[in-house]
Amino acid sequence: MGTLDLLQGTLDLLILKTLSWGPMHGYSVARLIRERSDGAFLIEEGALYPALHRLERQGWIESDWGLSENNRKAKFYQLTARGRAQLRAEVATWQRYTKAVAGVLEPA
Amino acid sequence: MSARPNETMRRIPGIRRVFRHERGDVDVELQFHIDARTDDLVRLGLGRDEARRAALAEFGDVKRYETETMRIDRGYARITRIKELLWSVWFDFAYALRGLRRSPGFAAAAVFTLALGIGANTAVWTILDALMRQPLPIDRPDELHAVRRADEPNEDYLNSFQRFQRLQRVMPDPQQLTAMSALARMYATAGDQPEPALTQLVTGNWFRTLRVGASAGRVIDLDDDRVLDAGAVAVLSDAFWSRRFGRDPRVVGTTIRLNGIPLRVIGVAQRGFQGLTVGSSVDLWVPLSMQHVLRYIGNYSANDADIEKAWAPQEGIRWLILLARVPPASAMRIAGALDRQVRGDLEQQVAKADSVQRAYRLREHVTLRAVPRGFSPLREQFKDPLRVLMASVGLVLLIACGNLAGLLLARSSARSHEVAVRISLGARRGRLVRQVLTESLTIALLGGALGIVVARWGSAMLLRVASSGSRPVPLDVSNDVRVIGFAMLVSVGTGLLVGAFPAIRVSRFGLYDAFRGAGRVMGGRSSHRLPLGRVLVMSQIALSLVLVVTAGVFVRTLRNLLVIDPGYEREHVVVARLDVRAAGYDSAQLPALYDRLLGAAAAIPGVRSTSLSLNALAGGGTRTSGFVVPGRTLPPGESSSAQENYVTPDYFNTVGMTLAQGRGFTRSDKDGAPKVAIVSESMARHFFGTDRVVGSRFGYETPPDLEIVGVVRDARVNALREAAPRLVYRPLAQGPREYMTSLEVRVAGPREPVTASLRNAIRQVDPMLPLRDIVPLSDLLERGLTSERLVARLAGSFGVLALLLAAIGLYGVMGYSVSRRTNEMGVRLALGASPGGVRLLVLRESLMTSAAGVALGLALLLPVQGVTGRLVYGVSPRDPATVVLGTTLLLAVTAVAAFVPAWRASRIDPVDAIRSA
């Protein structure tokens, strides 16, 4: 199976979901997405950062500087309350979407 | 795995943190990612370099993502900065409003003053703009051009119908050229009484070329104007339709009688269109073909023609204004083509004339002149007066601003303690300055909003004052966007100007002075407060002087004009202006009508004598004709025309013109008897070189058939301001087909009863005879002075207002200064100064300020010559007597204004003063 292209909206959803497991820095987010999706998506990891900053401006996540596990300066992100609500909404939408598509694709 | 951050994330409720954008932040973040990945790969067994390369490959184009991320950050930072700015501005605004609410008296006075000032300025500007700048409410007004004489210095737009038809063929599209007559007053009857209706005759393509449509029914088109004397239709203007018919849509299709002729109303022109003459509102448009049937007579120039026959077929009658709709770029080219056609025609016409005629006629050239703003005699009349008024009212606003600035200065120094505290707590000066400006802007904007209301009322009132006659000048002054825009502009300017003073004070604020001097100010070393206030008052006084002197000059101008002796009796003559032509009388019926009118008028008790004339005095029409004197040729360039009038024998007696030589007209000067004339002194001197001309002969052409039987003293028959023209009088009996327009009666005693009786008498002679009005001659003369009256009245009011404001300003500043120097005054009194001495001290200081202001004002008066010079009469704009009077007045008023503070200073209780420090 080849790798899939990732839509921007979906990337946002993945980031929000990943951050719902706790505050982490950008590298962790990238790693977790890669692991959980079994590497199915081909994304340049750099694309994460514009997405992260954008999500912050929109108020769904917020950031702060901190120290990583090996004491290096890193920027940590976490979900805001609004972000949590937004995540719930987007997950619901996604589920409706996939259910509808699956329904059509189902052998008659 | 990731680690929790060491500290809880800071959360600032509501406002996001502004990222002070540093390139370094994003760089660090991205580099961390790459380093972490590199480390992980090394842990999985790759070599360092290989791991790094793999990590970079996985990451992608670092530069690109870095730039993109920074762009997002920057945008956000900008938005946040803007939001913060807006929020602080809003805060300042709310703070200013709160402050105003705490001192409602001050707020009300300030806002009210500015409302008056801004409102007055906006009102005058609205009218000036409507008159001067507004383009016609038609499509692409810049394409509209009028055909005018290029060789004449005066504006001459009149052409014959024949020429119009010939020029149409020269145009790229014949329908691009259209023609219209001058406006004429006709009488419309849609019921019983004939009422005046301003009428214009237009060609069939006029509405189409102008692209003016109908709001009801249809407008005139080509078919209506095809056949001479046919086309009995009319288009109403929207204003006329409102006024006369209450916008009843059923009027379309009905018949209206114009000068007695029935016309079918075919439609109403689109709303807002009043014709092409700014300041006049056309009531009816009728096809050109109806000219003769309607007995139309408007502005015309006749040469070798009979005006009693239809005008359109006659080459010699020029009565039409030709309009071309051409893009500005092609105007020159088309003008050239038109000129060539005209000159070609002229060559043909004068082929058989003598050389003098040829030289005279072949001078003519035509050109196209752009008229995007239409025609407007009103514009010429009021252009300069309005500009002067604009300047005056602007000065008044400046003076009012001075007062407000002074008030704000006083207020700000009362709050200097608060300001000091804020600065020491870290407030930036820029922020404080902005706050001060916001406060003054708030007051100004509030004043401006109120001022718009004032302006609405003010401009309507100005129009009424400027109108001479019953109907107000139909200028469209309701263009809201421009009015509001101007008012806002002025408000902002005012706010900034007024706020500049306290703002300057705040920006130069010395903390030490503020804390130290809370309440106690040692005299002598005056901080930069006082001079600022004094400078303010000085300028106010200077501007007031300019306004007062200018007002004085205009008032004197009006007085000079009102007392001019016009050369006839103005108080005891009543004039009834009729339109016999419009009534449809046959020329054979005229003598009987005139006799009946004169008889009816003479029968009224109180009437000493009566007369009729072709053209009324002081503003009736004028007829100018060319005359020749045998044996005398005038030098080239000298006019050979004179103003001519037909009158009954009693005319000179009735209106009080003096016969200097010879005799007046008698009954023996009748039709068939030798033709006679009476001329004015200036006419005699111009044509004959002497005023001893009784018995001499002259005429319209050779051989001369008029004998001069009398000479009258020169008289200003047209307007008070216009010099006496050259006059030629003919007896009515020798011009029996003339349609008189004026009936004069000389009264002995009160005028009102005669006026009423005269109206009844005329009604009895013929109830349908159109009667324009019955007015005393003095009224007619004064109507010609409308603009002078307007200027005198308004400039006078502004002068008084300016004086008042300057006095208040001085009072305020001196009062404030005294209250700040209570301490010093107390010490002086305690040390033995007399109350009178203290009073004198204060008075002397205020007098010095006024004197300085007056000196400045005198200097400002020097360049005031240009426009005002054109408006004055009999007095110079820098008339010394008026200047002296103005200066004295100003000094006196300011002395009075300074008296109260001086008095208060002298009443200070020294013990209290020193103790309260």
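Rules used throughout
Residues numbered from 1 in each chain as written. Chains lettered and ligands numbered in written order. Predicted model: local features only at pLDDT ≥ 70, side-chain atom pairs only at ≥ 80, totals over all residues. Heavy atoms only, no water. Helix = DSSP H or I, 4+ residues; strand = E, 2+ residues; numbered from the N terminus. Rg over C-alpha atoms; globule rule 2.2 N^0.38 Å. Contact = heavy atoms within 4.5 Å. Areas by Shrake-Rupley, 256 points an atom, 1.4 Å probe, with all protein chains shown as cover. Lys, Arg positive; Asp, Glu negative; His and termini not counted. Charge placed at Lys NZ, Arg CZ, Asp CG, Glu CD. Patch = residues over 30% accessible without salt bridge, like charges linked within 9 Å, V, L, I, M, F, W, Y side chains within 5 Å. Salt bridge = Lys/Arg side-chain N within 4 Å of Asp/Glu carboxyl O. Buried < 20%, exposed > 50% of the residue type's maximum accessible area, 1.4 Å probe, protein only. Polar contact = N/O pair within 3.5 Å; in protein donor to acceptor, adjacent residues only side chain to side chain. Buried area = accessible area lost by both parts, 1.4 Å probe. Nonpolar A, V, L, I, M, F, W, Y, C, P; charged D, E, K, R; others polar. 1 Å grid on protein atoms, 1.4 Å probe; cavity = no way out; pocket = protein on both sides within 12 Å on 5 of 7 lines; lining within 4 Å. Points joined across faces, edges and corners; volume = space filled by probe spheres on them. Core = buried A, V, L, I, M, F, W, Y, C linked by side-chain atoms within 4.5 Å. Pairing = 2+ DSSP bridges. Axes fitted to C-alpha atoms, helices over the stretch in contact; angles between N-to-C directions. Parallel < 35°, antiparallel > 145°, perpendicular 65-115°, else oblique. Left-handed = near helix turned anticlockwise from the far one by under 90°.

Asker: Now, about the overall build of chain B: what can you tell me, with residues and values included?
Answerer: Looking only at helices and strands, chain B features 27 helices and 25 strands. Rg of the C-alpha trace for chain B: 39 Å, well past the compact-globule value of 29 Å for 917 residues, more than 25% over. Each principal axis of the C-alpha distribution contributes one length, and for chain B these read about 130 × 95 × 55 Å. Long-range contacts, defined as pairs at least 24 residues apart, comprise 79% of the intrachain contacts of chain B with a sequence gap of at least 6. Of the roughly 42400 Å² that chain B leaves accessible, carbon and sulfur atoms contribute 57%. Here chain B contributes 115 positively and 83 negatively charged side chains, and the mean placements of these two sets differ by 8 Å.

Asker: So what about a positive patch on the surface? Which residues, and what values?
Answerer: A cluster of basic side chains, namely Arg71, Arg74, Arg78 and Arg81 of chain B, defines a positive patch on the protein surface. Residue placement: Arg74 of chain B occurs in helix H3 (residues 62-102).

Asker: Tell me about the side chain of Thr654 of chain B, and name the residues and values.
Answerer: Residues and elements named next belong to chain B. Within the secondary structure, Thr654 is located in helix H18 (residues 651-655). Of the residues examined, Thr654 reaches a relative accessible area of 0% and is grouped as buried. Here Thr610 takes part through its backbone oxygen, which lies 3.5 Å from a polar atom of the side chain of Thr654.

Asker: Explain the interface of chain A and chain B residue by residue, including any values.
Answerer: Frequently, the measure chosen for interface size is the accessible area removed from exposure when the parts meet. With 36 residues of chain A in contact, the opposing surface of chain B contributes 37 residues. Counting the surface chain A buries against chain B, the share from its top three residues, Tyr27, Tyr49 and Arg57 of chain A, is 20%. The closest approach of N and O atoms between Asp40 of chain B and Arg31 of chain A, which form a salt bridge, is 2.7 Å. Our count for the chain A to chain B interface comes out at 13 residue pairs in polar contact (both at pLDDT 80 or more). The set of elements that each furnish at least two residues to the side of chain A that touches chain B consists of strand S1 (24-25), helix H2 (26-36), helix H3 (48-57), strand S2 (61-67) and strand S3 (73-79) of chain A. Grouping the constituent residues of the side of chain A that touches chain B by class yields 13 nonpolar, ten polar and 13 charged.

Asker: Any chance you could break down helix H19 (residues 681-688) of chain B for me, citing the residues and the numbers?
Answerer: All names here are of chain B. Within H19, seven of the eight residues are buried, which leaves it mostly tucked inside the rest of the structure. Listed in full, the buried residues belonging to H19 are Glu681, Ser682, Met683, Ala684, His686, Phe687 and Phe688. Tucked inside the fold, the buried residues of H19 contact strand S18 (641-647), strand S19 (659-662), strand S20 (676-680), strand S21 (697-698), strand S22 (706-712) and strand S23 (727-731). Of the residues flanking the end of H19, it is Gly689, one or two places downstream, whose phi is positive at about 85°.

Asker: How would you sum up empty space enclosed by the protein? Please name residues and give values.
Answerer: Residues and elements named next belong to chain B. Tallying each qualifying case throughout the model produces seven cavities of 30 Å³ or more. Of the volumes computed, that of the largest cavity is approximately 100 Å³. For the lining of the largest cavity, the secondary structure elements donating two or more residues are helix H4 (104-132), helix H10 (377-414) and helix H12 (429-466).

Asker: Which residues make up unusual backbone geometry, and what are the values?
Answerer: Residue and element names in this part refer to chain B. Residue Pro703 is reached from Thr702 by a cis peptide bond, and omega for that bond is -5°. With respect to the secondary-structure elements, Pro703 resides in the loop between S21 and S22. A positive phi angle is found at Asn259, which is not glycine, with a value near 50°. By the element assignment, Asn259 lies in the loop between strand S8 (255-258) and strand S9 (261-269). For Asn259, a relative accessible area of 5% corresponds to the buried category.

Asker: Hey, could you go over the nonpolar core for me, with residue numbers and the actual values?
Answerer: Proteins that are soluble and globular tend to have nonpolar side chains buried together. Residues and elements named next belong to chain B. Grouped together as the largest cluster of nonpolar side chains are 113 residues, with contacts concentrated most on Trp206, Phe207, Leu276 and Trp285. If one sorts the elements of this core by residue count, H10 sits on top with 17 residues. By size, the runner-up hydrophobic cluster in this structure holds 51 residues, among which are Ile256, Met290, Ala324 and Ala331.

Asker: I'd like to hear about the side chain of Thr18 of chain A, residue by residue, with values.
Answerer: All names here are of chain A. With respect to the secondary-structure elements, Thr18 resides in helix H1 (residues 8-19). Looking at Thr18, the relative accessible area reads 3%, which means it is buried. When residues no more than four places from it in sequence are discounted, the contact partners of Thr18 are Met24, Val29, Leu32 and Ile33.

Asker: Now, about the sheet that holds S3 of chain A: what can you tell me, with residues and values included?
Answerer: Residue and element names in this part refer to chain A. The three strands are arranged S1-S3-S2 in an open sheet whose pairing can be described as antiparallel. Of all the strands in the sheet, just S1 and S2 have a single pairing partner and so form its edges. Strand direction decides the pairing type here: S1 and S3, joined by two bridges, are antiparallel. The partner of His25 across the bridge, within S3, is Phe76. Set on the sheet, H3 makes contact with S2 and S3; between it and S2 the angle comes to about 120°.

Asker: Residues and numbers for the environment of Ala576 of chain B, please.
Answerer: Residues and elements named next belong to chain B. Here Ala576 is to be found in strand S15 (residues 573-578). Between the C-alpha atom of Ala576 and that of Glu638, which follows or precedes it by 62 residues, the distance is 36 Å. With near-sequence residues (within four places) excluded, Ala576 lies in contact with Thr741, Ser742, Leu743, Leu758, Ile762, Leu771, Asp773 and Ile774.

Asker: Quick rundown of the packing of helix H5 (residues 161-168) of chain B against helix H8 (residues 331-349) of chain B? Include the residues and the values.
Answerer: In helix packing, the relevant descriptors are the interaxial angle and the interaxial distance, both defined with respect to the helix axes. Residues and elements named next belong to chain B. Across the interface, H5 lies against H8 with an axial gap of 10 Å and an inter-helix angle of 130°. What the angle tells us is that H5 and H8 run oblique. Here H5 runs over H8; the crossing is right-handed. The residues of H8 that touch H5, namely those facing Arg163, Arg166 and Leu167, are Leu338, Gln341, Val342, Asp345 and Gln349.

Asker: Mind laying out a nonpolar patch on the surface, listing which residues take part and the relevant values?
Answerer: All names here are of chain A. Nonpolar side chains collect at one region of the surface, where Trp94, Tyr97, Val101, Val104 and Leu105 lie side by side and expose about 560 Å² of accessible area between them. Tracing the chain through its elements places Leu105 in helix H4 (residues 81-105). Under the relative-accessibility criterion, Leu105 is labelled exposed at 65%.

Asker: Now, about the pattern of salt bridges: what can you tell me, with residues and values included?
Answerer: Residues and elements named next belong to chain B. Within the structure shown, the criterion is met by 58 salt bridges over all chains. Among the ionic pairs, Arg140 bridges to Glu143, the shortest N-O distance being 3.8 Å. Classification of Arg140 by relative accessible area gives partly exposed; the value is 42%. What makes Glu143 buried here is its relative accessible area of 11%.

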